[in-house]
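So the chains spell out like this:
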Amino acid sequence: MDRLNRDVYVAVVLLLFCGVMLWASFDIREPDYGVLPPSIWPRVILTVFGLLSVIYLVQSLKRGPDDPQAFPGEPTTVMGWVRYWWNPVICFVSFCGYLLLLPWLGMLISGMLFVFVLLSALGGWSPRRLGIHAVVAAASVGGMWLLFTQGLNVLLPTGELTGI
Amino acid sequence: MILENVAAAFGHILHIKTLILMFVGVAGGLIAGAIPGFTIAMAVVLTLPFTFSMPPEQGLATMVSVLVGGLSGGLMAGILTGIPGTPSSVATTFDGFPMARGGKPGLALGLGVWSSFFGGMISAVLLVTLAPQLARVGLEFQPWDYFMLVMFALTITASLAGKDIVKGLIAGALGLLVRTVGEDEAVGMARFDFGSEALLQGFDFIAVLIGLFAFSQLLNDVRDPASARTSLSDKGTIRARIEHLAAIKVIAKHWVVIVRSSLIGVFTGILPGAGGSVANILAYDQAKKASKNPERFGTGTPEGIMAPESSNNAVEGGALITLMALGIPGDVTAAVMLGALLIHDVVPSPTFIAERPVLAYSIFIAFFLATFIMILLQSGMLRVFVLVTRVRMYILAGVILGFCGIGVFAINNVALDLWTLLWFGILGFVMRHFGFPLAPMILGVVLGNIAELNLARAMAIDTDLTHFVTRPWSLFFLIIALFSAAFPWFQSARGKKKWTLFYMPAACFAVSVPLFMMGGIPRPLLAGAVLVVGAWVLYQRWKGGWTLAAYNGHELKED
């Protein structure tokens, strides 16, 4: 396994994805009308996609194992991996939390909460920082919310619990 | 009739609300373009939600303003910190930063600002004159030709990934595939919905664009905890006063550089896929080759700032020519502009200028006016830029992520779009990490429908597939698509493999065939000229004994 590079794994994932989508394309209903059945175009794309993925796999296999110097700074241990990806993972998780809280707290409160938590997770939890983050979150999301609701007359979701 | 339309367009643009929005747009673009890590496309795509509730003329004028501001903003960071604000101003740092460090930051900024202005003006003039002409050519296109034009746009964009062209093509195919999810537009059948109501609606393509481009970029910007907590001003003192008069005098002396670089910019912009990131390097390279003192390049020579800055501003005029005349976006930013037109129910095509003249002229006028506003605002924005550079990167990223949420929701008032934003943000981040270029995927998402609809139309007219190779325009696009797909291999093998000696002549011979087939007088004449060029290159190679010449050039790569 050490002889494989990371592109090989990506190519295998792409081929699997292509297989699943090709299989799903057989669930597309064919109507009695129209010249171009709705499954044809996706299948054309998937055929090209599959061929390109095979070329990518062959190229990657030919290249041999990754050069340890090719990705400087990338982690090799589990803890290193967690540290390396910590910030993006925090962004994903807090954005997911924001979306889950949206129906309950509404766009204004959940948006402020999201920005505050995200900034604090990325920038630190010292009392001074928390204060700055709270002000930034309230001003940015509050300002944007006002602009959209009052200035552009866009209806933003209200929360079941908060009513705003 | 034209005057009436122009007057109506002026009426829209000179409206006080539109003017204020344009000033705000240029200012926002200047700041967004100046911050490294925030691309112009990101600034333009984030403007989309604001324009949704505006009339099309006003919305488009605002977006054009952000675009023009963004194109000029990159130079501030590039010259003062040596870190280009956008990929379009990479070459500006080669001479801008040394000049600023050499004690002339004001002159360097002045040269950048005024070169941007003249580049924008030249490209605006060409936009107004060339777009209607190209639209006339576009009227000849039938569905087969359009389908092939889209394929060409995708392959040439993928080819900018250089030696990673396979990854570029995979990204393009993935973009096309994403657009097939949901009900198909031709007959309304569900595709890849996996029994989910949400997937049946398909992915909102603006949410996809913001996710792929803005969300993933922000995740990238904060990936490294140390740099996320630093600000740009930590990297050096950022203080300067723009020297306008001195800069204009230098530019007047080197006006040829401005004209040549602007033309390079416009024609790079016209080519689908090739954006400012390519044009600024090309223009710098050409300025260096044409200079009497090429050795001064890289040490702070004025031409080294003028060439990239005039070309990168000229690019968007070129990209808008293709967008407005053919409905095909010239680059990612133009793809976002296409999205803006689509949310206002305007579908660009060769008949766009004829059918929506007021909107078309509004875009032209906005482009001109925004360039003037850019000059007015540069000095003021430099002070704001100094303030913004004190803000830590993670704060900027967090605030913009919060805005992404509100903005995406505001477009359709559908909460599911926010999940689309998240998933495509993750996908874009992962793709960036594994070296897949995002530009072909974005073009694939934007052009997927156009390709499928034209394929369906072609099949409805005639099921004979040979039309794709017997119709001159279709064959023309097919040939240049194949040669552009092979270009990265040619570039890497150039000077090493014998077959590369035949690449250019073969391309000339092949392209001349559809040109001959088009009939009339000018096009066969052009075909003859192309044929002669091919034969001449072949003759030179034969005379040189088929020897391989060493090649030392800049590798062109889309960021």
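Residues numbered from 1 in each chain as written. Chains lettered and ligands numbered in written order. Predicted model: local features only at pLDDT ≥ 70, side-chain atom pairs only at ≥ 80, totals over all residues.

Student: Can you walk me through the overall build of chain B in this structure?
Tutor: Secondary structure assignment for chain B yields 25 helices and two strands. The C-alpha atoms of chain B give 23 Å as radius of gyration, which agrees with the globular expectation for 559 residues (24 Å, within 12%). Along the first, second and third principal axes, the C-alpha atoms of chain B reach 65 × 65 × 55 Å. Relative to its full complement of 559 residues, chain B shows a buried share of 60%. Across chain B, every contact between residues at least 6 apart in sequence was considered, and the portion connecting residues at least 24 apart equals 79%. (Helix = DSSP H or I, 4+ residues; strand = E, 2+ residues; numbered from the N terminus. Rg over C-alpha atoms; globule rule 2.2 N^0.38 Å. Buried ≥ 20, exposed ≤ 12 C-beta atoms within 10 Å, placed from the backbone. Contact = placed C-beta atoms within 7 Å.)

Student: How should I be thinking about the overall build of chain A in this particular structure?
Tutor: In terms of regular secondary structure, chain A is built from four helices and zero strands. In chain A, the order of α-helices and β-strands from amino to carboxyl end is α-α-α-α. Here the C-alpha radius of gyration of chain A, 24 Å, is well above what a compact globule of 164 residues would show, namely 15 Å. Dimensions along the principal axes, computed over C-alpha positions, put chain A at roughly 55 × 55 × 25 Å. Burial status across chain A gives 29% buried among its 164 residues. Within chain A, residue pairs in contact and separated by at least 24 positions form 63% of the contacts whose partners lie at least 6 positions apart.

Student: In this structure, what is going on with the packing of helix α3 (residues 78–123) of chain A against helix α4 (residues 127–151) of chain A? I would like to understand it.
Tutor: When two helices pack together, their arrangement is given by the angle between their axes and by how far apart the axes lie. All names here are of chain A. Contact pair α3 / α4: the axes reach a minimum separation of 8 Å and the direction vectors enclose 145°. Along this stretch, α3 crosses α4, giving a crossing that reads as right-handed. Facing α3, whose interface residues are Met-107, Leu-108, Gly-111, Met-112, Val-115, Phe-116, Leu-119, Ser-120 and Gly-123, α4 presents Arg-129, Leu-130, His-133, Ala-134, Val-136, Ala-137, Ala-138, Ser-140, Val-141, Gly-142 and Trp-145. Residue classes in the contact of α3 with α4 are distributed as 13 nonpolar, six polar and one charged. (Axes fitted to C-alpha atoms, helices over the stretch in contact; angles between N-to-C directions. Left-handed = near helix turned anticlockwise from the far one by under 90°. Nonpolar A, V, L, I, M, F, W, Y, C, P; charged D, E, K, R; others polar.)

Student: What should I look at first to understand the domain arrangement of chain A in this one?
Tutor: The extent of an interface is frequently quoted as the accessible surface area lost upon association of the parts. According to the domain assignment, chain A contains domain 1 (6–63) and domain 2 (78–151). Between domain 1 of chain A and domain 2 of chain A, the C-alpha centre-to-centre distance is 38 Å. (Domains from an automatic or database assignment.)

Student: Looking at this structure, I do not really get the interface of chain A and chain B. What am I missing?
Tutor: Of the residues lining the interface, 53 residues belong to chain A; the matching set on chain B comes to 50 residues. For the side of chain A that touches chain B, the elements supplying multiple residues, two or more each, are α1 (6–25), α2 (40–63), α3 and α4 of chain A. The greatest single-element share of the side of chain A that touches chain B, amounting to 18 residues, is contributed by α3(A). In the side of chain A that touches chain B, the residues fall into 44 nonpolar, eight polar and one charged.

Student: Looking at this model, I keep getting lost on the nonpolar core. Mind explaining?
Tutor: Val45(B), Val150(B), Ile170(B), Leu209(B), Ile210(B), Ala366(B) and Ile442(B) are the most contacted members of the largest nonpolar core, which totals 233 residues. Sequence-distant contacts of Ile442(B), that is, excluding residues within four places in its chain, are made with Gly175(B), Leu209(B), Leu212(B), Phe213(B), Val332(B) and Ala335(B). (Core = buried A, V, L, I, M, F, W, Y, C linked by C-beta atoms within 7 Å.)

Student: Which parts of the structure should I look at to understand unusual backbone geometry?
Tutor: Leaving glycine aside, a negative phi is the common case for residues, and trans is the common case for peptide bonds. In this structure, Asn153(A) is a non-glycine residue whose phi angle is positive, near 55°. By the C-beta count within 10 Å, which is 8 here, Asn153(A) ends up exposed. With phi around 55°, Trp546(B) is a residue other than glycine that occupies positive phi space. Counting through the fold element by element, Trp546(B) comes out in the segment after α25 (522–543). The exposed category is assigned to Trp546(B), around which 10 C-beta atoms lie within 10 Å.

Student: Honestly, the domain arrangement of chain B in this entry has me stumped. Any pointers?
Tutor: Residues and elements named next belong to chain B. If you check the domain split of chain B, you get domain 1 (2–455) and domain 2 (467–543). The C-alpha centroid of domain 2 is placed 30 Å from the C-alpha centroid of domain 1. On the domain 2 side, the residues contacting the 15 residues of domain 1 number 14 residues. The element best represented in the side of domain 1 that touches domain 2 is helix α7 (residues 143–159), accounting for nine residues. Each residue belonging to the side of domain 1 that touches domain 2 can be placed in one class, and the counts come to eight nonpolar, four polar and three charged.

Student: I'm lost on the environment of Val532(B) in this one. Help?
Tutor: Residues and elements named next belong to chain B. Position of Val-532 relative to the elements: it lies in helix α25. C-beta crowding within 10 Å serves as the criterion here: with 12 such atoms nearby, Val-532 is assigned to the exposed category. For the pair Val-532 and Pro-505, spaced 27 residues apart in the sequence, the C-alpha separation amounts to 9.4 Å.

Student: Explanation requested: the packing of helix α16 (residues 332–343) of chain B against helix α21 (residues 439–461) of chain B in the structure shown.
Tutor: Residues and elements named next belong to chain B. The geometry of α16 relative to α21 is characterised by a closest axis approach of 10 Å and an angle of 25° between their N-to-C directions. When the interaxial angle is binned, α16 and α21 end up roughly parallel. With respect to the hand of their crossing, α16 and α21 are arranged in left-handed fashion. On α21, the residues that touch Val-332, Ala-335, Leu-338 and Gly-339 of α16 are Ala-439, Ile-442, Leu-443 and Val-446. Classifying every residue of the contact of α16 with α21 gives seven nonpolar, one polar and no charged. (Parallel < 35°, antiparallel > 145°, perpendicular 65-115°, else oblique.)

Student: Looking at this model, I keep getting lost on the confidence of the model for chain B. Mind explaining?
Tutor: Reading fine detail from the predicted coordinates is not recommended where pLDDT is low. All names here are of chain B. Of all residues in chain B, 96% have pLDDT values of 70 or greater, and the mean over the chain is 87. No element of chain B has a lower mean pLDDT than α16, which averages 83, and none a higher one than helix α24 (residues 503–517), which averages 96. In the model, residues 551–559 has pLDDT below 50 throughout and makes 19 contacts with residues more than four positions away in sequence or in other chains. (pLDDT = per-residue confidence, 0-100.)

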